[in-house]
Amino acid sequence: MRDCVRARVRERERMGVVVLQVGQGGNQFGLSLFDALFSLTSSLANEFFREPRRSADLPRARAVLIDSEPKVVAAVKRRSRAMGYWRYGPYSSYTEDSGSGNNWAKGFCRLGPSWQDALSDLVRREVEMCDIFDGFITSQSLAGGTGAGIGSYLLEVLKDEYPSCNTLSHCIWPLEGECTVQYYNVVLSIAHLCDVVDGLLLVKNETLMSTCKKALGIQRPSFDDMNTVGARALASVLVPAYYQTKPKLTGLLKSSGKATTCKVKSSDCQSQMMSSTQVRILSDLVTGLCSHPKYRMLALRNTPQVPTGLDNSTTHPWKSHLKQLKQMLYMEPSWAMESTSSVHGHKCTSDYSAFRKIDRCVANLLVLRGKGSSDADVSLLEDKALYPVWSKDPLMVATNTAPLGDFHIFASLLSNCSSAIAPAAHALSRARAMHASKAYLYQYAKHGLSMDDFDTSFEAIEAVLEQYREL
Amino acid sequence: MGPLSNLFKSRQCITGISGSGNNWAHGHDVYGPQYGEAILEKIQSEAEKCESLQSFNILHSLGGGTGSGLGSYIMEALHDNYSGVLRISVPVFPSKDDDVVTSPYNSMLAVKSLVDHADCVLPIENEALCEILDKMEVRKLRSPTLYVPKPSKGKKHPSGKGFDAMNEIVANLLLHLTSSVRFDGSLNVDLNELTTNLVPFPKLHFLMSSMSPALHGPSHENAAQLPTVNQLFTDVILHKNQLVKGNPLACTYLASAFLFRGSQSNVSDLSANICHLRQRMKMVHWNPEGFKIGHCFRPPLHAPQALLCLANNTCIRNPFKRMKKRFEKLFKKRVYVHHYAEYMDLGTFALALDSLEDLIEHYGEHEGPLMLRQFA
C-alpha cells in the first residue's frame, strides 16, 4: 500500500464523530443509528466506534446519552448489550429523574444551565478519545422538553467550547397530535439551532411511518421500525464513500485539502482509495452543503427502501434510481421519501416538472453505493433548474462500490433544499395561533421565557422560510 | 387494620377524635392550624425519602368537613412549602343525593382552594361510577366471566353499590395515570408532561377522565370478547365512560391526552385512532391538534391493554353549574350558615362563589361553534 494511502487509512481510523443522544426520541433513534452504522458496512466505522480498553470487550459507541429521566437510557443501553456487537460506554450517560415536562423553557432555561458542567465534562471525555475530532451529530426530537430544550442549550454551549467543530443536528419532527405544545417546542428549537449548528436535518415521523407502510409493507409500524428506516438513511451518507475526481469538483477537493489527481481505474476498493478522496463525513457535509450561513436546512432522500438483488438484465441499473431521486425533488415536499415505485423495470416516464413545484436546492450530496456506482451517469441531478444561479458546483458525488448491508445498490441524496424547512411553515402558523390566544404561555414564563422570546423565534423562522422561498 | 395495613406505618398517620362535623370551616380554620405543623412534618419526612419528588396526590371528598376543609388547608400549605412540586387532586364531587346536607357549602368552598392552589384536578362523581358499575353488571349477564367487584359489606352508596367497587375504578385511574412513570414505554408521559400539555391557562386545570376498560375486562379465556385498540378509543370518549357526568363530545376540547397501556399496539395504531377521533371531537380553534399520546408497554393486571383519556373539556362546567345551583338553593335561605360563621368570615362564601362563576365563565369563553378541520 502506498504511503499516502496508508496515511489516509490511519487518519480515517483515528477520526472521530461524537453522537449526542438527547431525550427519549433522540436516544431511541441513536440506538438504531449505531446499529445501522455497525451493520451496514463491512469495515468498522471507526469514526463512530472506538476500541474498548480490553481487547476482549465489544467496541464502544462514540456517544453521550442524555435524558431527564433514567428509564429510556437504561433501556437503550440494555438493548445494545443484548445485541452483542457493540456497546455504549459505561460512563457515557447523564440522566436525572426530574423530567422536563414537555416544556422547552424548562429544558433550555433551567435544566440545561444546571446540567451544563456535568454535560460538558461528559462530552469532553468522549471528544478527547478521538485522535482527530470531526464534530458532533446530535439526535433529538423537537416535540418535547429534553431533546428540544436541553438539546438546544447544549448545542449553544458546545458551539462556544468547540468553535471550529462541525455539527449536524438530526431532528425528529413529531407526528401530528403527539404532544399538545409541540409546535411551540419545534419553533423555539429550530430558531435557536439555526444559529449554532452547521446543518439541521429535519426528518418527519410521518414520512418514516408512511415509508414503512407503503414501501416496506409494514401495516402498523412501531417506533423501532421507523427508526430503522431513518437510521439506515442517515447511515448511508455517513459510512465510507469516496469522491469522484472530476474537474469541476476540484474547488471542493481543494477545500478538503487532500486531493489526488489519479483517475478511478477500477472498482477495486484499494484502487478506489488510492485514487479518490474519502468523504470526511461532517467536514465535507457541512462545508459542501451548508457553507452559506443562511441556508442550513437539510432533507434526506434515498432509494430503494427494500433490498434488491443484483440486476444484470440492464446495463444502466443506476439510471432508474437516479430518476427516482430526481422525481422526488419534483414531488410535493411532503411526499419526499414516500415513493413506492419498485426499482426493477418501473415506469418513471412522467415528468412532473410541468405540474409540480421543483424542490430547489442550494447544494446536493449524492452518495451511490454498489457495483458500477463510480460510472453512474449523474447528469440528471446536474439539471440547472434545480439550483439557483449563484450556487457554484452544487452537486457533490461520492461513491463506494461496496454494497450497503443487504442493499446491493443504494442511492442517497442529502439536499440543502426548501422542502427541508416546509414543515416549519405549518408549525409556525399553529404556534402563532396558540400564542395569540396566550395558551400555555404561563407554563413557559414560569421558567423564564417571555412572549417576546416567542416573537423573536417566530421572526427567526419567518426569515429562514423567506430565504428558502427566494431560491 | 385492613389487608394492606403492612403498607402503612403509624408514623405516617395523623388522626383526631371528634371529626369536623361536615363543616369545611371547622376542617380548614380549626383543624388546619391545629394539626398543620404536625401534618407538614410528616409530609416532609416522607418527601425526604424520595430521590425526585414529582407530585403530591390528594385523595379526598369535597362534601364533608375533613377531606374538604382540612384538605383545602393542606393544599394551600403544600403550595407554600413545596411550590415546585405538582399538586394533583382527585376529589369526589358530591352528588344530588348526597347524604351530607351541607355538602353544597363544603364543595363550593373547597373548589375555590382547588382553583387557587391545585395544579391539576381529576374530579370524580359517585353517580358516574355507579352508572359504570350498572353497565358492567348488565354486561356480566352476557359474559359471565366478566369481572365485576362484589358489593362490600360495609357502608354503601345510596344507589346500593359498595364504595369498594367504586373506589376500585378510581384506584385504576391512579395506577393508569402513573404507569408511564413506573414502567417502560415507547412514549413515556410523566405527570409534569400531563399538566404542561393539558392546562393551557392556570385556573383551567379541571380534567374529565375516562378509562376503557374502567375495571378489569373479560377474562383472557374469551379472547374474542377482548376489545380491540380501536374499540378502546371509541369507548373512552363516550359520555357513559366518564368519571364525571358529562358529554365531552357535545362540548369543546381545549386539550386531551390518551395514555395507552399494553404492548400489542404501537404508535401507528394510536396515531391512526387519534386521526379518526379528531373527526368527532370539537377542538378549540387555537389548538386543533391538541393531543398528547402516551404509550406504556406494561398492561394493567387482568387486561391485555387499556386506555386512559384525560380531557380538558368545557363540559366540566356542568358539574360546576350543578354545584352552584345547589349552593344557591341552600345559601338563599342562609340555612346552616351559622355553623360556618363560628369559624370563618362569611365573606368567604362570596369569594368562593365568585371564583366558581369565573371558572364557569372562563371555560365558557372557549366553547365555540363546530370547527371544521382545516387540511394543510
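As recorded in an unreviewed UniProt entry, chain B goes by Tubulin epsilon chain and comes from Ceratopteris richardii. Its UniProt record gives chain B a comment under Subcellular location (unreviewed entry), which states: "Cytoplasm".

Looking at an unreviewed UniProt entry, one finds chain A named Tubulin delta chain, with Ceratopteris richardii as its source organism. Per UniProt, chain A carries the Function (unreviewed entry) text "Acts as a positive regulator of hedgehog signaling and regulates ciliary function." Here chain A is described in UniProt, under the heading Sequence similarities (unreviewed entry), as follows: "Belongs to the tubulin family."

Looking only at helices and strands, chain B has 12 helices and 9 strands in total. Each of the 376 residues in chain B was classed as buried or not, and the buried ones make up 54%. Considering only contacts within chain B whose residues lie at least 6 apart along the sequence, 85% involve residues at least 24 apart. Looking at chain B as shown, the accessible area adds up to about 16,800 Å², and 55% of this sits on carbon and sulfur atoms.

Attention now moves to the overall build of chain A. Along its length, chain A carries 15 helices and 14 strands. For chain A, with 471 residues in total, the buried portion stands at 61%. Sequence separation of 24 or more characterises 81% of the internal contacts of chain A that already satisfy a separation of 6 or more. Entry remark: accessible area of chain A is about 18,100 Å², with carbon and sulfur atoms responsible for 51%.

Between chain B and chain A, the contact holds 44 residues from the first and 38 residues from the second. Carbon and sulfur atoms supply 45% of the area that chain B and chain A bury against each other, a total of about 3,200 Å² over both sides. Sorting the residues of chain B by area buried against chain A places Thr196, Trp286 and Glu289 of chain B first, and these three jointly supply 20% of that buried surface. Counting across the chain B and chain A interface gives 4 salt bridges. The residue Arg78 of chain A makes a salt bridge to Asp184 of chain B at a minimum N-O spacing of 3.2 Å.

Attention now goes to the confidence of the model for chain A. All names here are of chain A. Put simply, chain A has an average pLDDT of 83, and 81% of its residues get 70 or more. Per-element averaging of pLDDT across chain A places helix α9 (residues 250-256) at the bottom with 32 and strand β4 (residues 63-67) at the top with 97. Under a pLDDT of 50 for its full length, residues 245-275 has, in the predicted model, 51 contacts with residues more than four places off or in other chains. Here residues 333-355 is a poorly scored stretch, pLDDT under 50, and it has 37 contacts once near neighbours within four places are set aside; other chains count.

Moving on to the packing of helix α5 (residues 146-161) of chain A against helix α6 (residues 182-196) of chain A. Residue and element names in this part refer to chain A. Relative orientation of the contacting elements α5 and α6 amounts to 10°, with a least axis distance of 10 Å. Relative to α6, the element α5 is oriented roughly parallel. On the side of α5, the interface is formed by Ala148, Ser152, Leu155, Glu156 and Lys159, while α6 contributes Asn185, Ser189, His192, Leu193, Asp195 and Val196. Of the residues in the contact of α5 with α6, the class split is 4 nonpolar, 4 polar and 3 charged.

The next thing to look at is α6 of chain A. The end-to-end C-alpha distance of α6 of chain A, which contains 15 residues, comes to 21 Å, matching closely the 21 Å that a straight helix rising 1.5 Å per residue would cover. In terms of burial, α6 of chain A is largely enclosed, as 13 of its 15 residues are buried.

Our focus in this paragraph is the packing of aromatic side chains. Residues and elements named next belong to chain A. Throughout the structure, instances matching the rule amount to 35 aromatic pairs over all chains. Taken together, a centroid distance of 6.1 Å and an interplanar angle of 25° make the contact between Phe38 and Tyr85 stacked. Of the two residues, Phe38 sits in helix α2 (residues 23-39) while Tyr85 sits in the loop between α3 (70-83) and β5 (87-88), which places them 47 residues apart along the sequence. The exposure class of Phe38 is partly exposed, given its relative accessible area of 23%.

What follows covers helix α10 (residues 317-331) of chain B. Residue and element names in this part refer to chain B. Here α10 is 15 residues long and its end C-alpha atoms lie 20 Å apart, about the 21 Å a rise of 1.5 Å per residue gives. Residues of α10 that are buried include every one of Arg317, Pro319, Phe320, Met323, Phe327, Leu330 and Phe331, and no others. The arc that holds the buried residues of α10, viewed along the axis, is 160°, so those residues lie on one side. Exposed and oriented more than 90 degrees from the buried face of α10 are Lys325 and Lys329. At its buried positions, α10 is contacted by β2 (86-93), α3 (103-117), β4 (124-125), α11 (337-341) and α12 (347-365).

A few words now on the pairing of strand β12 (residues 361-370) of chain A. Residue and element names in this part refer to chain A. Within β12, 10 of the 10 residues are buried, which leaves it mostly tucked inside the rest of the structure. Where β12 and strand β14 (residues 409-417) come together, 9 bridges link them in antiparallel fashion. Within β14, the residue paired with Ala363 across the bridge is Asn416. Pairing geometry for β12 and strand β13 (residues 395-400), over 6 bridges, is parallel. Each residue of the ladder has a partner; that of Arg369, found in β13, is Asn400.

A few words now on the sheet that holds strand β2 (residues 49-50) of chain A. Two strands in a sheet stick together by hydrogen bonds in their backbones, pointing the same way (parallel) or opposite ways (antiparallel). Residue and element names in this part refer to chain A. Pairing is mixed in the open sheet, where 3 strands are placed in the order β2-β3-β5. Of all strands in the sheet, those with a lone pairing partner are β2 and β5, marking the two edges. The sheet contact formed by β2 and strand β3 (residues 60-61) spans 2 bridges and is antiparallel. Across the sheet, Phe49 pairs through a bridge with Ala61, a residue of β3.

On to the packing of α6 of chain A against helix α13 (residues 422-436) of chain A, then. Two packed helices can be described by the angle between their axes and the distance between those axes. Residues and elements named next belong to chain A. Where α6 meets α13, the axes come as close as 8 Å, and the angle between the chain directions of the two elements is 120°. The angle between the axes of α6 and α13 places the two elements in the oblique class. The crossing of α6 and α13 is left-handed. Touching Tyr183, Tyr184, Val186, Val187 and Ile190 of α6 are Ala424, His426, Ala427, Leu428, Arg430, Ala431, Met434 and His435, all from α13.

With that out of the way, let us pick up the pattern of salt bridges. Using the criterion set out here, one finds 27 salt bridges over all chains in the structure. When the shortest N-O distance is used, the salt bridge between Asp116 of chain B and Lys112 of chain B registers 2.6 Å. Note that Asp116 of chain B and Lys112 of chain B are positioned in helix α3 at a spacing of 4 residues, about one turn of the helix. Residue Lys112 of chain B is classed as partly exposed on the basis of its relative accessible area, which comes to 24%. Because the salt bridges share partners, they merge into one network encompassing Glu176 and Arg430 of chain A together with Arg278 and Glu289 of chain B.

Let us now look at the side chain of Glu125 of chain B. Residues and elements named next belong to chain B. Structurally, the position occupied by Glu125 is in strand β4. Given a relative accessible area of 4%, Glu125 falls into the buried group. Aside from chain neighbours lying at most four places away, what touches Glu125 is Phe93, Leu243, Val244, Lys245, Pro319 and Arg322.

Moving on, we come to the state of the cysteines. Applying the stated criterion to the full structure yields 0 disulfides over all chains. Unpaired in terms of disulfides, Cys165 of chain A finds its nearest cysteine sulfur in Cys130 of chain A, a separation of 11 Å. Given the relative accessible area of 16%, Cys165 of chain A is considered buried. Sulfur of Cys296 of chain B: no disulfide; nearest cysteine sulfur belongs to Cys309 of chain B and is 17 Å away.

All names here are of chain B. Within the secondary structure, Pro319 sits in helix α10. For Pro319 and Val244, which are 75 residues apart along the polypeptide, the C-alpha to C-alpha distance reads 7.7 Å. Apart from the residues within four sequence positions on either side, Pro319 is in contact with Phe93, Glu125, Val244 and Lys245.

Residues and elements named next belong to chain B. When pLDDT is averaged along chain B, the result is 87, and 86% of the positions lie at 70 or above. Under a pLDDT of 50 for its full length, residues 371-376 has, in the predicted model, 10 contacts with residues more than four places off or in other chains. Both scores are available for the predicted complex, with the pTM at 0.88 and the ipTM at 0.89.

Attention now goes to the sheet that holds strand β10 (residues 242-243) of chain A. Residues and elements named next belong to chain A. The sheet built from 11 strands is open, its strands ordered β6-β4-β1-β7-β8-β9-β11-β14-β12-β13-β10 with mixed pairing. Two strands close off the open sheet at either side, each with one partner strand: β6 (93-95) and β10. Contacts from α3 reach β1 (15-22), β4 and β6, with the element oriented near 150° to β4. Sitting on the sheet, helix α8 (residues 223-238) touches β7 (132-141), β8 (166-173), β9 (199-204), β11 (297-303), β12 and β14, and the angle it makes with β14 is about 90°.

Thresholds, definitions, all that
- Residues numbered from 1 in each chain as written.
- Chains lettered and ligands numbered in written order.
- Predicted model: local features only at pLDDT ≥ 70, side-chain atom pairs only at ≥ 80, totals over all residues.
- Heavy atoms only, no water.
- UniProt positions renumbered as here; feature names shortened; annotations may be inferred.
- Helix = DSSP H or I, 4+ residues; strand = E, 2+ residues; numbered from the N terminus.
- Buried < 20%, exposed > 50% of the residue type's maximum accessible area, 1.4 Å probe, protein only.
- Contact = heavy atoms within 4.5 Å.
- Areas by Shrake-Rupley, 256 points an atom, 1.4 Å probe, with all protein chains shown as cover.
- Buried area = accessible area lost by both parts, 1.4 Å probe.
- Salt bridge = Lys/Arg side-chain N within 4 Å of Asp/Glu carboxyl O.
- pLDDT = per-residue confidence, 0-100.
- Axes fitted to C-alpha atoms, helices over the stretch in contact; angles between N-to-C directions.
- Parallel < 35°, antiparallel > 145°, perpendicular 65-115°, else oblique.
- Nonpolar A, V, L, I, M, F, W, Y, C, P; charged D, E, K, R; others polar.
- Expected span 1.5 Å × (residues − 1).
- Phe/Tyr/Trp six-rings, centres within 6.5 Å; stacked < 30°, edge-to-face > 60°.
- Arc of directions from axis to C-beta.
- Pairing = 2+ DSSP bridges.
- Left-handed = near helix turned anticlockwise from the far one by under 90°.
- Disulfide = S-S within 2.5 Å.

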